[in-house]
Amino acid sequence: MIIGLVTIAYTISATAGLDSGIQKLSNLNMILAAVLLVTAIFIGPTIEIFKNLFTGLAYYAGELITTNNNIFLKGSWYESWTIFYWGWWIAWVPPVGIFIARISRGRTIREFLLGVLLVPSLLCFVWFATFGSIGFNVDLSIATQAIQKTELAFFMVMNNYPMGQLLSGIAILLLCTFFITSADYATFVLGMLSSHGDLNLKTMRKVVWGFIQATLTIVFLLAGGLKMIQIASIVAAFPFAFVIILAMVSMTKSLKDESIIFTKESERAKDKKVGILRENAE
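Residues numbered from 1 in each chain as written. Predicted model: local features only at pLDDT ≥ 70, side-chain atom pairs only at ≥ 80, totals over all residues. Heavy atoms only, no water.

Caption draft 1: Looking closely at the overall build of the protein. Within the protein, the regular secondary structure consists of 9 helices and 0 strands. In the protein, the succession of helices and strands from N to C terminus is α-α-α-α-α-α-α-α-α. The 282 residues of the protein split such that 26% are buried. For the protein, the proportion of contacts with a sequence separation of at least 24, taken over those separated by at least 6, is 69%. (Helix = DSSP H or I, 4+ residues; strand = E, 2+ residues; numbered from the N terminus. Buried < 20%, exposed > 50% of the residue type's maximum accessible area, 1.4 Å probe, protein only. Contact = heavy atoms within 4.5 Å.)

The structure is reproduced here in structure tokens:
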């Protein structure tokens, strides 16, 4: 039922287009996330949250260049999660990369990096520091119960804070809107790729791709749940890893060619300006 409702929602949103559907829903996402985060900071251990934020940043920076950046170390993290995340990220590269490139047209590389990498990363640090501190601040008995049912952990913890039920409701709504927007741009990109890059997609094409995604989700869940999705992501991502390497080489070459063209145009403009000034002087 949940998959069916989400499918209807993201299909309607995707067929409405970028400006009318996806953009408005994405803006709603950001508003809900901001309300949830700011409220959680105020009702939680505020001082502890900021203390953990800066302590965590310092610790993370140190670990990033030592232990966590060493793929040759043996450990449960590297044996189980790292490969899955590697495959997960690469599997999301085609839809996310194409969609972000589509909505970032006209932006400079500097603006792109700030908007896509730096700002979201900083917000993620604040997010984890906030809800991590809230989780650590509850009694051990509550934490033990939450660990036994991880899918309910957030709600069990929030019930011990003022306005906890309200925040739980916002979190559920936020989960739905995030699912919908994620499927939105996947539907848009799949439709665009199957239309030879056409940005003005037919409604029926979006609807078909929307229902294909829903069908695949149900198949994977019935075939083995999350474990099956993890395996499928890694298998699908492996060949695309080589495509990413070629894309990096292609982008480097493209930027070099563009730099040469820009330099030549600048020299022509400079020569033209000098010629005009010389004529005026004569």
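Caption draft 2: A look at unusual backbone geometry. Despite not being glycine, Met163 shows a phi value in the positive range, around 60°. Topologically, Met163 is positioned in the loop between helix 7 (153-158) and helix 8 (164-193).

Caption draft 3: Inspection of the packing of aromatic side chains at higher detail. Scanning the entire structure with this criterion turns up 5 aromatic pairs. Relative to Phe125, the ring of Tyr60 lies with its centre 5.5 Å away and its plane at 65°, an arrangement referred to as edge-to-face. Taken together, the positions of Tyr60 in helix 3 (residues 46-64) and Phe125 in helix 5 (residues 109-136) put the pair 65 residues apart, joining distant regions of the chain. Here Phe131 and Phe154 contribute two aromatic rings whose centre-to-centre distance is 5.8 Å and whose plane-to-plane angle is 55°, an arrangement assigned as tilted. Placement of Phe131 in helix 5 and of Phe154 in helix 7 is noted, with a sequence separation of 23 residues between them. Aromatic ring contacts, followed pair by pair, group Trp127, Phe131, Phe154 and Phe155 into a single cluster. (Phe/Tyr/Trp six-rings, centres within 6.5 Å; stacked < 30°, edge-to-face > 60°.)

Caption draft 4: Local environment of the environment of Met228. In this fold, Met228 is placed in helix 9 (residues 203-281). Leaving out residues up to four positions away in the same chain, Met228 has contacts with Phe220 and Ala223.

Caption draft 5: How the structure looks around the confidence of the model for the protein. Averaged over every residue, the pLDDT of the protein is 79; the share at 70 or more is 86%. Taken element by element, the protein is modelled with least confidence in helix 4 (residues 76-103), mean pLDDT 73, and with most confidence in helix 5, mean pLDDT 88. (pLDDT = per-residue confidence, 0-100.)

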